[in-house]
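# Coordinate inspection notes
What follows is each chain in one-letter form.
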Amino acid sequence: MEFNPERFVEMLPNMGYGMLGIFVVIGAIVVATYVLNSLFSKKQ
């Protein structure tokens, strides 16, 4: 196994898309949790 800096630089956009996807999914989970909590929480 060897480290190839040129290949690493070529893969940076793909890693960026992966990180963006992770943040989008986490954001969707947070929003869904907030919406469900506001819909089903008991008001006093």
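The coordinates are above.
Below you will find a few notes about this structure. Just so it is clear, the model here is predicted, and its values are computed rather than measured.

Here the focus is the overall build of the protein chain. Looking only at helices and strands, the protein chain has 1 helix and 0 strands in total. Considered along the principal axes of its C-alpha atoms, the protein chain spans approximately 60 × 20 × 10 Å. Counting only residues that meet the buried cut, the protein chain has 0% of its 44 residues in that class. Accessible surface for the protein chain amounts to roughly 4,500 Å². Of this, 71% is attributable to carbon and sulfur atoms.

Together, F3, F8, V9, M11, L12 and M15 line one region of the surface with nonpolar side chains, adding up to about 580 Å² of accessible area. On the secondary structure map, F8 appears in helix 1 (residues 5–40). Of the residues examined, F8 reaches a relative accessible area of 40% and is grouped as partly exposed.

The next subject is the pattern of salt bridges. Any two side chains of opposite charge can pair, given that their charged atoms come close. By the definition in use, this model includes 1 salt bridge. With a shortest N-O distance of 3.1 Å, R7 and E10 are connected by a salt bridge. Here E10 and R7 lie together in helix 1, a separation of 3 residues that amounts to about one turn. Overall, E10 belongs to the partly exposed group, its relative accessible area being 49%.

Thresholds applied
- Residues numbered from 1 in each chain as written.
- Predicted model: local features only at pLDDT ≥ 70, side-chain atom pairs only at ≥ 80, totals over all residues.
- Heavy atoms only, no water.
- Helix = DSSP H or I, 4+ residues; strand = E, 2+ residues; numbered from the N terminus.
- Buried < 20%, exposed > 50% of the residue type's maximum accessible area, 1.4 Å probe, protein only.
- Areas by Shrake-Rupley, 256 points an atom, 1.4 Å probe, with all protein chains shown as cover.
- Patch = residues over 30% accessible without salt bridge, like charges linked within 9 Å, V, L, I, M, F, W, Y side chains within 5 Å.
- Salt bridge = Lys/Arg side-chain N within 4 Å of Asp/Glu carboxyl O.

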